[in-house]
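Residue-level listing of the chains:
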Amino acid sequence: MISIKDLERKDVEYILDEASKLENIAQSKEVSDELKGKILGLMFFEPSTRTKMSFETSMKRLNGECIGFENSGSSSVSKGESIADTAKMFEGYCDALVIRHEYEGVSKFISDIVNIPVINAGDGAGQHPTQTLLDLYTIKKEIGEIDNLNIALIGDLKFGRTVHSLSNALGLFKNIKIYLVSPPELRMPQEILIDLNDTNVEYEEVDNIESIIDKVDVLYVTRIQKERFGDIDDYLKIKGAYIVNKKLLKGKDVIVMHPLPRIDEIDTDVDNTKYNKYFTQAANAVPVRMAILKTLIKNNPK
Ligand code: NCD
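Residues numbered from 1 in each chain as written. Predicted model: local features only at pLDDT ≥ 70, side-chain atom pairs only at ≥ 80, totals over all residues. Heavy atoms only, no water.

> How should the sheet that holds strand β3 (residues 96-101) be read in this particular structure?
In sheet architecture, strand pairing relies on hydrogen bonds along the backbone and comes in two forms, parallel and antiparallel. Ordered by their spatial adjacency, four strands build an open sheet running β2-β1-β3-β4, and the pairing between neighbours is parallel. Edge positions in the sheet fall to β2 (65-69) and β4 (118-123), since each of these pairs with one other strand and no more. The average undirected angle you get between the axes of adjacent strands in this sheet is 15°. Pairing between strand β1 (residues 39-44) and β3: five bridges, direction parallel. What sits directly across from Phe 44, in β3, is Arg 100. Taken strand by strand, helix α3 (residues 50-61) contacts β1, β2, β3 and β4, and its axis lies near 175° from that of β1. (Pairing = 2+ DSSP bridges. Helix = DSSP H or I, 4+ residues; strand = E, 2+ residues; numbered from the N terminus. Axes fitted to C-alpha atoms, helices over the stretch in contact; angles between N-to-C directions. Contact = heavy atoms within 4.5 Å.)

Shown next as structure tokens:
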């Protein structure tokens, strides 16, 4: 699972259906031996809270196990071992491999050299397909369907891999309008717009949330990706450009999503309102990643 672009609508629907069947196990109301004896490898070269923990939780809920590292400093990569050699070791020890790296294309590269399923858990400003599946799962659960949706993608559309994957995925659905809300410096990359032009998705680039808030079902807010800026001054100029707060949302018929972590782009005064779906979204990572692991590991036995 390298790019959401490799999936068709039926694949997405399959994972979302599987995820809903796994809800009871995800919530610890039932136990499962589905992945008993299987081991998931975690290669995390970039920081992660939700993605790593939810992969671990998903594996454990299915009675499988995890090994791996959460920064290259604690692996032999810090001694100069290549990523390729490290991945080959994981191939010998695991049934599937999850990788997060700061460079685009690293998961694809590794998937070409190992014979176990590889899951891209974020490659630089590239893709984050499993996040997108849990985003779609959340939308479906909260709104009922993914077709006929007006969605605002807000914040760092240039470097945010979650909005890149999500835009591509929305291309699989019907009657979608995307409002791309960002400062001019952080517009959606041309290559994603070109992808969208090949679909039926309508999109519009706008500068502020106020102009579109009455038109959308979902506000998908993202953090400015500080670590991907070459010059910290460029980051400081843009920081705090968009803030979603309770006042802005009052009386609106929207849900607020965020892949998290948030910095200051959603005020904490939204946390205890009906608009807040970002914590539910983070919890939905478990059934969705369980469905992904079950599908990939069971269909690709070693
Ligand atoms: C995102 C990521 O790593 O791309 N986090 C996540 O996986 N939930 C979003 C981000 O870091 O801003």
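> What is the right way to read the nonpolar core from this model?
A general tendency of soluble globular proteins is for nonpolar side chains to be buried together. If you look at the biggest cluster of nonpolar residues, it comprises 57 residues, and the most contacted ones within it are Leu 133, Leu 136, Ile 151, Leu 153, Leu 170 and Ile 178. Considering every element that reaches this core, the biggest residue donor is helix α11 (residues 278-299), with nine residues. Residue assignment places this core across two domains, with domain 1 (4-127 + 283-298) and domain 2 (129-281) each supplying three or more. Look past the residues within four positions of Leu 136 in its chain and what remains in contact with it is Val 12, Leu 16, Ile 146, Leu 166, Ala 169, Leu 170 and Phe 173. The next biggest cluster of nonpolar side chains, apart from the first, holds 22 residues, and it includes Ala 152, Ile 154, Leu 248 and Ile 266. (Core = buried A, V, L, I, M, F, W, Y, C linked by side-chain atoms within 4.5 Å. Buried < 20%, exposed > 50% of the residue type's maximum accessible area, 1.4 Å probe, protein only. Domains from an automatic or database assignment.)

> What should I look at first to understand the side chain of Ser 165 in this one?
Along the chain, the position of Ser 165 falls in helix α7 (residues 161-170). Sequence-distant contacts of Ser 165, defined by excluding residues within four places in its chain, comprise Ile 4, Gln 127, His 128, Pro 129 and Thr 132.

> Teacher, can you tell me more about the sheet that holds strand β7 (residues 202-206) here?
Spatially, the five strands line up as an open sheet ordered β7-β6-β5-β8-β9, and their pairing is parallel. The strands lining the two open edges of the sheet, one partner per strand, are β7 and β9 (255-257). Between one strand and the next, the sheet's axes are offset by a mean angle of 20°, whatever the strand orientation. Across four bridges, strand β5 (residues 150-154) lies against strand β8 (residues 218-221) in parallel orientation. Bridge assignment links Ala 152 to a residue of β8, and that residue is Leu 219.

> How do you make sense of the packing of helix α1 (residues 9-21) against helix α6 (residues 129-143) when you look at a structure like this?
Axis angle and axis distance: for two packed helices, these are the angle between their axes and the distance between the axes, and together they describe the pair. Across the interface, α1 lies against α6 with an axial gap of 10 Å and an inter-helix angle of 65°. One element, α1, and the other, α6, form an angle in the roughly perpendicular class. Along this stretch, α1 crosses α6, giving a crossing that reads as right-handed. Between α1 and α6, the contacting residues are Val 12, Ile 15, Leu 16, Asp 17, Ala 19 and Ser 20 on the first element and Leu 133, Leu 136, Tyr 137 and Lys 140 on the second. Residues that form the contact of α1 with α6 fall into these classes: seven nonpolar, one polar and two charged. (Parallel < 35°, antiparallel > 145°, perpendicular 65-115°, else oblique. Left-handed = near helix turned anticlockwise from the far one by under 90°. Nonpolar A, V, L, I, M, F, W, Y, C, P; charged D, E, K, R; others polar.)

> Help me out: how do you make sense of the pattern of salt bridges in this one?
Where charged atoms from two side chains of opposite charge come close, those side chains can pair. Here the structure, examined in full by the defined rule, presents 25 salt bridges. Between Lys 298 and Glu 34 there is a salt bridge, with the nearest N and O atoms lying 3.0 Å from each other. Separated by 264 residues along the polypeptide, Lys 298 in helix α11 and Glu 34 in the loop between α2 (23-26) and β1 bring together distant segments of the chain. Each of Glu 18, Lys 21, Glu 34, Lys 294 and Lys 298 takes part in one network of salt bridges that share partners. (Salt bridge = Lys/Arg side-chain N within 4 Å of Asp/Glu carboxyl O.)

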